[in-house]
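Fold and geometry: a report
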Amino acid sequence: MKPARTKTPRKLLVKKGSQTSLKDPVGVYCRVRPLSLPDQECCIEVINNTTVQLHTPEGYRLNRNGDYKETQYSFKQVFGIHTTQKELFDVVANPLVDDLIHGKNGLLFTYGVTGSGKTHTMTGSPGEGGLLPRCLDMIFNSIGSFQAKRYVFKSNDRNSMDIQCEVDALLERQKREAMPNPKTPSSKRQVDPEFADMINVQEFCKAEEVDEDSVYGVFVSYIEIYNNYIYDLLEEVPFDPIKPKWNSCSTPMRNTEFVPPQSKLLREDKNHNMYVAGCTEVEVKSTEEAFEVFWRGQKKRRIANTHLNRESSRSHSVFNIKLVQAPLDADGDNVLQEKEQITISQLSLVDLAGSERTNRTKAEGNRLREAGNINQSLMTLRTCMEVLRENQMYGTNKMVPYRDSKLTHLFKNYFDGEGKVRMIVCVNPKAEDYEESLQVMRFAEVTQEVEVARPVDKAICGLTPGRRYRNQARGGPVGDEPLVTEVVLQSFPPLPSCELLDINDEQTLPRLIEALEKRHHLRQMMIDEFHKQSITFKALLQEFDSAVLNKENYIQGKLNEKEKVISGQKLEIERLEKKNKTLEYKIEILEKTTTIYEEDKRTLQQELETQNQKLQRQFSDKRRLEARLQGMVTETTMKWEKECERRVAAKQLEMQNKLWVKDEKLKQLKAIVTEPKAEKPERPSRERDREKGTQRAVSPSPVPNAPPVRLRHRRSRSAGDRWVDHKPASNVQTETVMQPHVPHAITVSVANEKALAKCEKYMLTHQELASDGEIETKLIKGDVYKTRGGGQSVQFTDIETLKQESPTGRKRRSSTAAPAPPDGTESEWTDVETRCSVAVEMRAGSQLGPGYQHHAQPKRKKP
């Protein structure tokens, strides 16, 4: 009796782009390969785990006659020369595999110049498997016990999957096993020693939270994009002796079995996803099977020997891992036979061909054409990234040129939000690749700014979880235990070959008839055995029914007792509910009271905070006022101290000058008294005095008891400060010997804020006409202070005077009553008076006080 099909809820349709507001940037990682030779010049340095720095090589600077700055580039993570394949896989590929098992797509591609380690990163080397074998190992470690039987899932040419029942899948397996050269690899084969070390991953890695109520199937495909054409590397090309054959140099020949494969076309499925039509998809059940399929296609991939790399990839390779997931039925026995419930997720591992310059690879002929197509497809990829970034950053709606290249057209869905995108930038730090590495870094910088819509989560089928293990607890099929139908079909004798190769063949049909008769006889025996077992089973069912009836009566009695207990408990529950309501009412009143108190508390706290802020402001104002008053007191004190010093110095100078004048008078009197009196000759005229100016008697030196007063000059307190020397354009240049000179000064004709901001002192040179007709120059000095508004102010503190006088122009005493003595005594008297009447001028920086003049009073002659 065939079990009825269980109806499941309709799968929710999620519109594409419903979560476009959630976007993630393209994850770009950088891997630096070690140098081939230890003495090679290096142009790339790893600064930290997210930054690399490019140094301009020495030869590059010499050729271009310039000094180039060092450039830094940031990535999501940088892997140095000591990074292992395991560390790279855990960071970059592990999250993509985890998303694949949970129904989300992923794209991982390596990008870089020729010889930068892209193929090593993706495939690996003996003893150090790359990302691809590690991804396969993690997938089968996670779903190993939940895999469906082979051929339960069957791929079609519309980028989707069909489901077959167990019987159809069994017949398909028998049919494939009977073929002489099966296309599907067998898990019973021995692993090829050529790649055995690559897939021998020591670290066990497994995804978390795998859906245990589903069955899984893994399908792999392998294609290459060569000269902008797509080729299936897993396609088995039959030998056709009629068509001309082609060798690797693209010349016709008929003596080999090589037939050029047919290029494939890109199609769009019903969900608007791009796929390669007619591409071979192989179902695999283990890591060994999957890598064997990959290795078979890898041998067909186009590589060539160039000047930069002995095995340079001449095409872009794409290895697709497609994971098919379908839920079990409600009983947990078989796969749910509803195509709408199938979830298909895909992980694409892309090894891009290296960008290269033909003048360095020395490419010619086909190699030159290949390099041109490689660079063209990579340029299209870069253009697409730039347009995507511009549309997202500036809100434009430019068309992205996906169709310009098969590479970008195939993966357009990933950039439209169908899965995560990760890129590994592989760089070679040698100096010869500096220009190519610079272009790669710039492309990576652009790619990091592109955001991809986050993929939506898959819809839940709506069946009860835990179906698989409940079925096993009931005695259902566990793991790989064969079904009854499979055992029965396998017990039949195998059918002989039914192919008639000759008209006179009289053995094939009798063998087939004999095998069919044996099968019929065996079937009849099984039917009889089935009838006997059915009769026995009916008897067992009757006994089971009677036992069940007795159990039901016993259970009914127990139920009656339980109902009485339940009724009593219901009354108790009602009483407790009433009590609970009363307590809830009391709690509500207490909550309201608490709310009132809390509001009062918040109000008081706000008032307290307001008062605290007010007191804080008052305290701040008080401190500011105290500081201001202190500054004013200090400033006033310094001002009065300077004024007192100036007045004391002036008074000292005045007293010293008086004392000097008295000493001079005493000396003159002494000289007059001590000399003998003679007949006074006629006093010579002023003209004669001027002619004999050199013969004048010099004043005698002061007496020892009263030494002459020396004018002390003090050093300016601001000798180390910078000055603003303000000299108006209207000033007249004087010819005095003493000229004002201030070091470290900025000379201006008009005062400006820029000059005042750079200096601490200010000096204004002012000229005016004195009463005697001479020019009097005043040096007005001051200090520069910064104002609160950010400007500058000058406070004047000092005035120094520079004045030029003619000693011959000053009046002298002359007496007509008494003629001048002939010995020149009157001349000395007049000379002393003249000198005493000359003003004593103060120098800039003198300690005797600024701007002070002292003029001695002329000596009056007694009548």
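Numbers given for residues are sequential positions, taken from 1 along each chain in its written order. The predicted nature of this model means local features are confined to residues of pLDDT at least 70 and side-chain atom pairs, given and counted, to a pLDDT of 80 or more, with totals for whole chains, interfaces and linings taken over all residues. The basis for every side-chain value is the complete set of heavy atoms in the structure, and neither hydrogens nor water enter the calculation.

Brief notes about the overall build of the protein
For the protein, the count of helices and strands is 17 helices and 29 strands. Partly exposed describes any residue whose relative accessible area lies between the buried limit of under 20% and the exposed limit of over 50%, with all areas from a 1.4 Å probe on protein chains only and scaled to the type maximum. The 863 residues of the protein split such that 36% are buried. Note on contacts: a residue pair qualifies if any of its non-hydrogen atoms lie within 4.5 Å across the two residues. Residue pairs at least 24 apart in sequence account for 71% of intrachain contacts in the protein once pairs closer than 6 positions are excluded. Roughly 54700 Å² of accessible area belongs to the protein as shown, and the carbon and sulfur atoms make up 53% of that amount. Helix and strand assignments follow DSSP, with helices taken as H or I runs no shorter than four residues and strands as E runs no shorter than two, numbered in order from the N terminus. In these tables, accessible area is a Shrake-Rupley quantity obtained with a 1.4 Å probe, and a residue counts as shielded only by the protein chains included in the view.

Comments concerning the packing of helix 2 (residues 85-101) against helix 4 (residues 131-143)
Angles here are taken between N-to-C directions and fall from 0 to 180 degrees, while the axes themselves are lines fitted to C-alpha atoms, restricted in helices to the stretch in contact. At a minimum axis separation of 9 Å, helix 2 and helix 4 run at an interaxial angle of 45°. As the angle between them shows, helix 2 and helix 4 are arranged oblique. Here the hand of the crossing between helix 2 and helix 4 comes out right-handed. Residues Gln85, Lys86, Leu88, Phe89, Ala93, Asn94, Val97, Asp98, Leu100 and Ile101 of helix 2 touch helix 4, and the partners they reach there are Leu131, Arg134, Cys135, Met138, Ile139, Ser142 and Ile143. Any angle between 65 and 115 degrees counts as roughly perpendicular, while under 35 counts as roughly parallel, over 145 as roughly antiparallel, and the rest as oblique. Handedness of a helix crossing follows the sense of rotation of the near helix relative to the far helix, less than a right angle counterclockwise being left-handed and clockwise being right-handed.

Thoughts on the sheet that holds strand 29 (residues 792-803)
An order of 26-25-27-28-29 is seen for the five strands of this open sheet, with the pairing classed as mixed. The sheet terminates laterally at strand 26 (745-748) and strand 29, the two strands that pair on one side only. Shown here is a sheet whose adjacent strand axes are inclined to one another by a mean of 25°, direction ignored. In this analysis, strands are considered paired if DSSP registers two or more bridges between them. Two elements, strand 25 (residues 723-726) and strand 27 (residues 761-769), share four bridges in a ladder whose sense is parallel. What sits directly across from Asp725, in strand 27, is Met763.

Remarks on the packing of aromatic side chains
Stacked, tilted and edge-to-face are the three classes applied to pairs of Phe, Tyr and Trp rings, where Trp contributes its six-membered ring and a pair requires centres within 6.5 Å; stacked means planes under 30 degrees apart, edge-to-face means over 60, and tilted covers the rest. Per the stated rule, a full pass over the model turns up nine aromatic pairs. When the ring of Tyr222 is compared with that of Phe294, the centres are 5.0 Å apart and the planes differ by 35°; the resulting orientation is tilted. Here Tyr222 is found in strand 12 (residues 214-226), whereas its partner Phe294 is found in helix 6 (residues 287-298), with 72 residues between them in sequence. Under the relative-accessibility criterion, Tyr222 is labelled buried at 1%. The interplanar angle of 75° and the centroid separation of 5.6 Å between the aromatic rings of Tyr222 and Phe319 together place this pair among those described as edge-to-face. Highlighted residues: Tyr222 in strand 12 and Phe319 in strand 21 (residues 316-327), separated in sequence by 97 residues. The structure contains a cluster of three or more aromatic residues connected by ring pairs, namely Tyr222, Phe291, Phe294, Trp295 and Phe319.

Considering a nonpolar patch on the surface
A cluster of nonpolar side chains, Phe537, Leu540 and Leu541, forms an exposed patch at the surface whose accessible area comes to about 290 Å². As for its position among the elements, Leu541 is in helix 14 (residues 508-674). Patch construction takes residues with relative accessible area above 30% that form no salt bridge. Like charges are linked within 9 Å, and nonpolar side chains (Val, Leu, Ile, Met, Phe, Trp, Tyr) are linked within 5 Å. Think of a salt bridge as a Lys or Arg side-chain nitrogen and an Asp or Glu carboxyl oxygen that are within 4 Å of each other.

A word on the pattern of salt bridges
A complete count under the given rule lists 26 salt bridges for this structure. Note that Glu289 and Arg150 form a salt bridge whose closest N and O atoms lie 3.5 Å from each other. In this pair, Glu289 is assigned in helix 6 and Arg150 in the loop between helix 4 and strand 10 (153-155), connecting sequence segments 139 residues apart. Of the two residues examined, Glu289 and Arg150, each falls in the buried class. Connected via shared salt-bridge partners are Glu643, Arg646 and Arg647.

Concerning the environment of Met441
Checked against the element boundaries, Met441 lands in helix 11 (residues 434-448). In this structure the C-alpha to C-alpha distance between Met441 and Ser74, which are 367 residues apart in sequence, comes to 9.3 Å. Apart from residues no more than four positions distant in its own chain, Met441 is found in contact with Cys30, Val52, Leu54, Tyr73, Phe75 and Val427.

Quick notes on the confidence of the model for the protein
Scored by pLDDT, the protein has a mean of 78; 72% of the residues are at 70 or more. When pLDDT is averaged over each helix and strand of the protein, the minimum, 43, is found for helix 17 (residues 825-836) and the maximum, 95, for strand 2 (residues 27-32). Scored below 50 in pLDDT, residues 691-716 shows 33 contacts in the model against residues more than four places distant or in partner chains. pLDDT is defined as a per-residue confidence score from the predictor, taking values between 0 and 100. Below pLDDT 50 for its whole length, residues 810-863 participates in 117 contacts with residues either more than four positions away or in separate chains.

Remarks on helix 5 (residues 166-178)
To estimate the expected span of a helix, subtract one from its residue number and multiply by 1.5 Å. Here helix 5 spans 18 Å end to end across 13 residues, near enough to the 18 Å set by a 1.5 Å rise per residue. Those residues of helix 5 not exposed but buried are Ala169, Leu170, Glu172 and Arg173. In a view along the axis of helix 5, the buried residues occupy a sector of 160°, so they form one face of it. Facing away from the buried side of helix 5 by over 90 degrees, the exposed positions are Lys175 and Ala178. What the arc describes is the spread of directions from the helix axis to the C-beta atoms.

Considering helix 11
With 15 residues, helix 11 ought to run about 21 Å at 1.5 Å a step, and its terminal C-alpha atoms sit 21 Å apart, in line with that. Residues Tyr434, Glu435, Glu436, Ser437, Leu438, Val440, Met441, Phe443, Ala444, Val446 and Thr447 constitute the buried set of helix 11.

Some words on the sheet that holds strand 4 (residues 51-54)
The pairing of strands in a sheet comes from backbone hydrogen bonds and takes either a parallel or an antiparallel form. One open sheet accounts for three strands, arranged 3-4-5; its pairing is antiparallel. Each having just a single partner strand, strand 3 (44-48) and strand 5 (71-74) make up the two edges of the open sheet. With strand direction ignored, the average angle separating the axes of adjacent strands in the sheet is 30°. Bridge count for strand 4 against strand 5 is four bridges, and the pairing is antiparallel. Counted as the bridge partner of Thr51 is Ser74 from strand 5.

Describing the side chain of Gln85
As for its placement among the helices and strands, Gln85 is situated in helix 2. By relative accessible area, which is 1% here, Gln85 ends up buried. Among the polar contacts listed, one links the side chain of Gln85 to the backbone oxygen of His120, at a separation of 3.1 Å. The definition of a polar contact used here is a pair of N or O atoms within 3.5 Å, where within protein one atom must be able to donate a hydrogen and the other to accept one, and adjacent residues in sequence count solely through side-chain atom pairs.

Describing the packing of helix 4 against helix 6
Taken N-terminus to C-terminus, the directions of helix 4 and helix 6 make an angle of 150°; their axes are 9 Å apart at the nearest point. Comparing their axes, helix 6 and helix 4 come out roughly antiparallel. Here helix 4 and helix 6 pass one another in a crossing that is right-handed. Facing helix 4, whose interface residues are Leu132, Pro133, Leu136, Asp137 and Phe140, helix 6 presents Thr287, Ala290, Phe291 and Phe294.

Notes on the side chain of Asp783
As for its position among the elements, Asp783 is in strand 28 (residues 775-786). Judged by its relative accessible area of 10%, Asp783 falls in the buried class. A polar side-chain atom of Asp783 sits 2.6 Å from a polar atom in the side chain of Lys761.

Some remarks on the state of the cysteines
Put simply, a disulfide is two cysteine sulfurs that come within 2.5 Å. Evaluation of the coordinates by the stated rule reveals zero disulfides. The structure places no disulfide on Cys43, whose sulfur is separated from the nearest cysteine sulfur, that of Cys42, by 6.1 Å.

Here we look at unusual backbone geometry
Positive phi, normally seen in glycine, also occurs at Asn159, with a value near 60°. Along the chain, Asn159 turns up in the loop between strand 10 and strand 11 (161-163). The exposure class of Asn159 is partly exposed, given its relative accessible area of 21%. Of note, Glu209 is a non-glycine position whose phi angle comes to about 55°, a positive value. By secondary structure assignment, the location of Glu209 is in the loop between helix 5 and strand 12.

Comments concerning the pairing of strand 28
Relative to strand 28, strand 27 is paired through nine bridges, and the arrangement is antiparallel. Looking at the pairing, Leu764 lines up with Ile780 of strand 28. Here strand 27 folds back onto strand 28 in antiparallel fashion, the turn holding five residues, of which Gly773 has a positive phi close to 90°. Pairing of strand 28 with strand 29 involves 11 bridges; the strand directions are antiparallel. Residue pairing in the sheet places Ile780 in a bridge with Ile799 of strand 29. In sequence, strand 28 turns back onto strand 29 through a hairpin of five residues, with Gly790 there showing a positive phi of about 95°.

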